Every structure is written in C-alpha cells, then in structure tokens.
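The primary structure of each chain is shown beneath.
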Amino acid sequence: MTSGRTIRQGEQLYYKDHPEYTAQTSLCYINPLDLLGIGVDDGQKVKISSEAGETIFKAVSCADILQGMVFIPVGPHANYILHSKTHGTGAPDYKWVNVDVVPAGEDEEILTAWEILEHEGGCRFDIGDPVCMTKSPCGDCVIDDVVCPLCGCLCDDIRVTIKDNQITGVDNGCSLSNGKFTARGRLKEPIMRDGSGWKNISYDEAIDYTANMLLDADRPLIFGFSGTYGEAQCMGISIAEMAGAVIDNCSSICHGPSIMAIQEVGHPGCTLGQIKNRADVIVYWGSNPIESHPRHMSRYSTYADGFFLNNAFRERKLIVVDIRETDIAKNADEFIQIKPGGDYAVFSALRAIVRGKRDVIPPMVAGVKREQLFRVADMLLKAKFGVFFTGIGLTESPGKYKNVRNGVELVDELLRHTKFTLTPMRGHWNVYGTNQTFAYLGGYPYAIDYSRGTAFYNPGETSAVDLLRRKEADACIIIGSDPGAHFPRECVRRLSEIPCVVIDPFVALSTAVANVHIPVAACGIDAEGTGYRQDALPLWVKKVLEPTMPNDLDVLTRIYNIIKEAKGL
C-alpha cells in the first residue's frame with residue numbers, strides 16, 4: 001500500500017468534517033487485474049488489513065497502478081492501517097506498507113473520518129451553521145497580489161473578492177487555494193471537552209489550561225507550525241525552551257529525511273526564479289505536482305517562460321520518475337516507472353552511467369531497462385541547466401534519507417559536466433519556514449528536545465511520531481497542523497489519552513482528540529506574517545481582512561508569559 005495526495009482530497013483539507021472528505025480519503029485505487037483476481041468490481045467495497053489494523057475502502061479500478069500495489073489518498077483511512085515505525089528517521093512508511101486486500105462483507109461499511117477518530121478515543125465536534133469571523137475595513141472590494149497560504153509554492157499573484165466581510169471569490173489560484181480562502185468551518189470561541197461532548201469557554205480559561213498543562217507535564221510535546229507564520233514559530237520555540245518540552249514540526253513526517261540527507265552531503269539548491277529562467281531539463285522524482293502543487297509547473301518549471309527560454313514548453317525536456325503513471329507522467333518526454341523501493345538503485349545506476357561506467361549496468365534495474373537509463377542519462381548530460389524536484393515518494397519509502405542522499409550525489413556527478421540543482425517539493429505553505437526558524441533559534445531544523453536544559457536533536461528519538469509511539473509524551477500542543485488526519489493510528493490513539501490542546505482557525509480531525517481547541521485568526525486571511533517558499537525565499541503573507549479574534553502569536557505570547565511568571569523568571 002502506498003498513500004499520497006490527490007487534488008480532490010486536497011480540495012477538502014479545510015472541510016474534513018464534511019462527507020466529501022471521507023468520500024475521497026476512503027478510495028482505494030487498484031489495478032483491474034488485481035480486482036479481477038480478488039473478485040471485486042469497480043466501485044465495490046474491499047477490506048484492507050495490515051499489522052496495524054483493518055478498515056473498509058471503496059475500490060476504484062485504475063490501470064496506472066502496478067499489479068500488487070494499491071494507492072490510497074492520504075488521510076485518516078490510510079493511516080488507520082499504517083504502523084508507526086520510522087526506522088530512526090521520524091517519518092513513517094506512508095509509501096510502503098504490506099497489506100491484504102479482500103472483498104468486504106455486505107454488512108461492513110466505510111467509516112467516516114469522525115468515526116475513525118472516535119474509534120481511537122476521540123470526540124467529534126459539530127460546528128453547526130458557519131459564522132463570519134472576519135471584517136473588511138474597505139467594505140466590498142477586490143485585492144490583488146495576495147500570497148496564497150496553502151502549499152510551498154506560495155503563489156503571490158492571487159486576486160480575492162471580498163463581499164459581506166468574507167472572501168467570496170479567488171482568481172489565479174488553484175482549486176486547493178480556493179478551498180482554503182473560502183472555507184467557512186471556523187470556530188468562533190474556544191471549546192473544551194466535557195464528557196462525551198463539548199462546552200464553550202473563554203480565551204482566558206483556554207490559555208490558562210494550556211499553560212498549566214505544560215507546567216504539569218513531565219514530557220510535553222509541541223507539534224506543527226507548518227500552517228502558521230515565522231513570528232509565531234519563534235514564540236513556540238521560546239515556550240518549548242522554557243517548559244523543557246520537545247518541539248517538532250511537520251518536516252519530521254514528510255521531508256525530514258531530505259534534511260537528514262542534506263546534513264550529510266549538502267544542498268545543491270537555487271531559487272525557483274533561477275529554475276524558471278534557466279532550466280531546460282526538469283526532473284520530478286517521486287512527486288506529482290499536478291495533485292500536490294497544482295501551479296508549480298506553470299509558474300516555476302515546465303510551462304513557465306523564462307528569460308533564457310521564450311518557448312518553455314517546446315524548449316524544455318520533462319522527465320518523471322514514479323512507481324505509477326500519474327497525470328504528469330503522461331505528459332513527460334521520458335517516464336521512468338520503477339518498482340516500489342527501487343529509487344536508490346536507479347540513482348546509483350545513473351551515477352555509474354554519468355561516470356562512464358555503462359558496462360557495469362545490468363539489463364534491468366528496479367524494473368527499468370538499461371537502454372532507458374542510458375537515454376535518460378544522456379538527456380541529463382546534455383542539459384544546459386537541470387533540476388531535480390524530489391518528493392515524499394523518496395522520503396517515505398524504503399531507503400528514506402539515503403534515497404535523497406543518492407540523488408544529491410547524482411547532482412554532484414552531473415555538476416562535473418553541466419549545471420544541476422535539487423529542490424525538495426515542500427508541501428505545507430510554511431513548513432520550510434519551520435526549518436528556518438527552528439535552526440535559527442534552536443540550532444536544529446526539527447525534533448528539538450529541551451528537556452536537558454539545552455537543545456538536543458535526534459530524529460527517530462525526539463521526533464513526534466516516535467515520542468507518541470513509545471508513549472513518552474504526556475501532554476501535547478498542536479498548532480498549524482492536523483496530526484489527527486495524518487499521524488499513524490497508534491499515535492492518534494496516544495493523543496486521545498493525554499491532555500491535548502489544538503490551536504487552529506479551523507475545525508480539524510485533531511479537534512476530536514483534543515481537550516481544548518483555541519480558535520485563532522488565519523494567516524493570509526485575517527492574520528499576517530513571514531512565510532518561506534519551498535526554495536527558502538521569505539515572503540510577507542499579508543492579511544486581507546481584519547480579525548475578530550487573537551492570532552497565533554497573541555495566544556502563544558500569553559502562554560509564554562504565564563509559564564515565565566510561574567517559573568519566576
């Protein structure tokens with residue numbers, strides 16, 4: 001089983017309490033011959049089981065999927081059958097889980113996202129009728145050059161239409177961007193778990209609860225931050241240091257292994273502007289930007305005309321490496337379909353070819369014919385300026401950070417002949433920002449443990465998934481992230497067992513496992529701050545509306561001050 005993003009799943013990121021989110025994350029894409037083998041028709045239900053558990057999915061026949069493999073959109077259903085082992089990297093095996101697939105019984109139903117969280121000890125929250133939580137100081141208007149706070153592209157050419165104090169239209173943005181800007185599922189005041197339900201509380205009560213929770217805990221965890229701005233991230237690090245907590249961000253479950261590779265062999269990177277203006281060979285490896293970064297190709301790579309490429313679509317060569325024939329693969333000049341787990345071997349083969357060792361390459365490498373490897377290597381060597389965009393297909397499959405390391409070393413080989421760079425396809429809009437602020441203030445990019453009185457870093461030990469799997473964490477703050485939707489089942493269960501506070505503008509699946517949810521203003525909508533694009537370029541993410549509630553920095557500052565006073569500092 002491999003899981004990944006789809007554009008339909010992405011459109012529902014801020015509507016996780018809606019049936020359509022469940023409809024998308026409970027799909028299971030299977031090769032037609034495999035469906036025939038298990039006796040299931042397209043659209044019927046299947047039961048998928050692993051060492052972690054079992055649940056029901058809706059089968060979708062898909063010839064792009066290799067036989068013996070199933071693809072599931074990322075979300076609570078895939079994570080319900082995902083084990084929590086990270087192999088010392090902090091990142092679970094989202095791309096490599098052994099499963100059994102059988103026909104589901106007639107009386108077996110697909111669980112909703114809320115039901116999955118309830119099975120792990122959570123409690124659903126019904127937001128009711130949406131309430132407008134923003135104000136427009138300019139009345140009904142149109143605002144240009146807005147930065148989109150959705151993915152690592154941080155597109156800065158968005159036009160939003162404001163009517164009746166809320167965003168009603170989005171131009172230039174992708175469907176994911178539109179989904180976030182127009183989302184209405186925001187809390188209007190803090191809530192606290194009350195038995196099998198919820199009750200409203202004040203901000204003072206919610207903030208006092210959070211600060212005292214950290215003070216009472218022996219091994220507190222603060223996780224998230226990829227969905228908030230740099231100034232709030234800095235305050236979160238200050239809280240972790242004062243409270244002796246472990247602070248981690250979303251890198252640990254996505255591109256943390258990329259960072260581990262970069263720490264070993266360096267980062268041959270550049271800005272997206274350089275790629276747009278110069279690159280004539282584009283390689284997407286283990287990444288499907290059409291689904292995860294829909295405007296990436298049109299703004300920065302394949303279809304973007306640059307200073308030195310006036311007709312980019314015709315002058316550029318596109319190479320795609322993946323285990324399935326994605327939509328981008330169908331448009332590629334060269335598509336390399338490798339066997340699952342074969343990335344390291346293919347990187348090694350290409351390195352050998354670039355070094356002139358063609359005679360040592362066997363007829364087949366990880367399902368790829370030798371002749372195709374020769375052809376691709378020649379395309380890379382003929383490039384004037386090339387780039388590898390690496391995705392979590394490398395970091396969450398066997399090899400993990402060693403895959404990325406081998407990719408960087410291939411770039412090193414190519415740099416002996418031409419110009420080449422490598423850029424990880426960072427997902428959340430400010431996940432790269434967390435690495436910048438964490439490294440600046442804490443010395444390490446993620447998974448920082450302050451329990452010793454000084455910063456300690458060891459992914460696989462101090463990363464969030466590992467702390468929860470070992471049941472070390474005894475309290476947790478979740479901010480700007482949704483581990484309830486994206487952590488392995490065992491970790492979600494642990495979150496429901498310990499005191500937990502969510503700080504987020506939107507109702508999320510993590511709300512179900514929280515004791516308290518504190519709503520805040522949303523950066524890029526009614527709050528503003530610094531974000532870092534996937535190439536580490538900082539951008540100011542401005543607000544387009546005025547808030548009616550505090551922002552992340554306001555809430556974290558108040559928590560910090562309470563802890564500081566309690567410790568007599």
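Our structure is the block above this text.
Since this is a predicted model, take the numbers as computed values, not measurements. (Residues numbered from 1 in each chain as written. Predicted model: local features only at pLDDT ≥ 70, side-chain atom pairs only at ≥ 80, totals over all residues. Heavy atoms only, no water.)

K.L.:
Teacher, can you tell me more about unusual backbone geometry here?
P.N.:
Glycine aside, a negative phi is what most residues show, and trans is what most peptide bonds show. The residue N165 is not glycine, and still its phi comes out positive at about 70°. Phi is positive for A366, which is not a glycine, with a value near 50°. Structurally, A366 is set in the loop between β18 (364–365) and β19 (368–369). (Helix = DSSP H or I, 4+ residues; strand = E, 2+ residues; numbered from the N terminus.)

K.L.:
So what exactly am I meant to see when it comes to empty space enclosed by the protein here?
P.N.:
To find leftover empty space, a probe the size of one water molecule is rolled over the atoms. Taken as a whole and assessed by the stated rule, the structure comprises five cavities of 30 Å³ or more. Computed from the structure, the second largest cavity encloses a volume of approximately 130 Å³. Forming the boundary of the second largest cavity are 14 residues, of which T134, Q166, A183, R184 and R186 lie nearest the centre. Contributions of two or more residues to the lining of the second largest cavity are made by β10 (166–171) and α6 (175–181). For the lining of the second largest cavity, the class distribution of residues is nine nonpolar, two polar and three charged. (1 Å grid on protein atoms, 1.4 Å probe; cavity = no way out; pocket = protein on both sides within 12 Å on 5 of 7 lines; lining within 4 Å. Points joined across faces, edges and corners; volume = space filled by probe spheres on them. Nonpolar A, V, L, I, M, F, W, Y, C, P; charged D, E, K, R; others polar.)

K.L.:
Got a minute to help me understand helix α9 (residues 256–265) in this structure?
P.N.:
The α-helix winds at 3.6 residues per turn, so residues separated by three or four positions along the chain end up facing the same way. Every buried residue of α9 is accounted for by G256, P257, S258, I259, M260 and A261. Looking at the buried residues of α9, the elements they touch are α17 (392–395), α18 (401–414), β21 (419–424), α19 (431–442) and β23 (456–457). Remark: G266 follows α9 within two positions and exhibits a positive phi of approximately 90°. (Buried < 20%, exposed > 50% of the residue type's maximum accessible area, 1.4 Å probe, protein only. Contact = heavy atoms within 4.5 Å.)

K.L.:
It is not clear to me how the state of the cysteines should be interpreted in this structure. Could you clarify?
P.N.:
Covalent bonding between the sulfur atoms of two cysteines is what defines a disulfide. For the structure shown, the criterion picks out zero disulfides. No disulfide involves C28; its sulfur sits 10 Å from the nearest other cysteine sulfur, which is in C62. Judged by its relative accessible area of 0%, C28 is buried. The cysteine C523 is free of any disulfide, with C148 supplying the nearest cysteine sulfur at 11 Å. (Disulfide = S-S within 2.5 Å.)

K.L.:
Help me understand the sheet that holds strand β9 (residues 158–163) in this model?
P.N.:
Sheets are built from strands that pair by backbone hydrogen bonding, the pairs being arranged parallel or antiparallel. The strand order β8-β9-β10 describes an open sheet built from three strands, whose pairing is antiparallel. Each end of this open sheet is capped by a strand with a single partner; those strands are β8 (141–146) and β10. Averaged over all pairs of adjacent strands, the angle between their axes in this sheet comes to 30°, without regard to strand direction. For β9 and β10, the ladder comprises five bridges, and the chain directions are antiparallel. Looking at β10, one finds that I162 is bridged to I167. (Pairing = 2+ DSSP bridges. Axes fitted to C-alpha atoms, helices over the stretch in contact; angles between N-to-C directions.)

K.L.:
Mind showing me how you'd approach the pairing of strand β16 (residues 317–322) here?
P.N.:
Sheet faces and side chains relate simply in a regular strand, where the side chains alternate between the two faces. The element β16 is extensively covered by neighbouring structure, given that five of its six residues are classed as buried. Of the pairings in the sheet, the one linking strand β15 (residues 281–285) to β16 comprises five bridges and is parallel in character. Note on β16: the bridge partner recorded for W285 is V321. Bridge count between β16 and strand β17 (residues 334–337): four bridges; the pairing is parallel. Bridge pairing in β17 places D322 opposite Q337.

K.L.:
Help me understand the side chain of T25 in this model?
P.N.:
Within the element layout of this structure, T25 appears in helix α2 (residues 19–25). Apart from the residues within four sequence positions on either side, T25 is in contact with Q9, F57, I72, P73, V74, G75, P76 and H77.

K.L.:
What is the right way to look at the sheet that holds strand β12 (residues 197–200) in this model?
P.N.:
Spatially, nine strands are ordered β12-β11-β26-β25-β24-β13-β14-β22-β23 in an open sheet, and the strand pairing comes out mixed. Among the strands making up the open sheet, the edge pair consists of β12 and β23. As defined by bridge partners, strand β11 (residues 191–194) adjoins strand β26 (residues 516–518) across two bridges and the pair is classed as antiparallel. Bridging from a neighbouring strand, I191 pairs with H517 of β26. Of the strands in this sheet, β11, β13 (220–224), β24 (475–479), β25 (500–503) and β26 touch helix α7 (residues 203–216), which is tilted by about 120° from β26. Of the strands in this sheet, β24, β25 and β26 are in contact with helix α23 (residues 552–566), which crosses β25 at around 145°.

K.L.:
How do you make sense of the environment of R5 when you look at a structure like this?
P.N.:
Mapped onto the elements of the fold, R5 is located in the loop between β1 (2–4) and α1 (7–11). We classify R5 as partly exposed; its relative accessible area is 28%. Taking the C-alpha atoms as reference points, R5 and S287, separated by 282 residues in sequence, lie 9.8 Å from one another. In this structure, R5 is in contact with L13, F71, V74, E291, S292 and H428, ignoring residues within four places of it in sequence.

K.L.:
Help me out: how do you make sense of the nonpolar core in this one?
P.N.:
What tends to happen in soluble globular proteins is that the nonpolar side chains get buried as a cluster. I48, I72, L221, L468, F487 and L495 are the most contacted members of the largest nonpolar core, which totals 55 residues. Setting aside chain neighbours within four positions, we find L495 in contact with L468, C476, I478, P483, F487, C500 and V513. (Core = buried A, V, L, I, M, F, W, Y, C linked by side-chain atoms within 4.5 Å.)

K.L.:
Honestly, the layout of surface pockets in this entry has me stumped. Any pointers?
P.N.:
The space that makes up the largest pocket amounts to roughly 350 Å³. In terms of lining residues, the largest pocket is bounded by 19 residues, among which M1, G68, M69, V70 and V99 are the most central. Looking at the lining of the largest pocket, the elements with two or more residues in it are α3 (32–38) and β6 (100–103). Residues of the lining of the largest pocket, tallied by class, amount to 12 nonpolar, four polar and three charged. By volume, the second largest pocket is sized at about 300 Å³.

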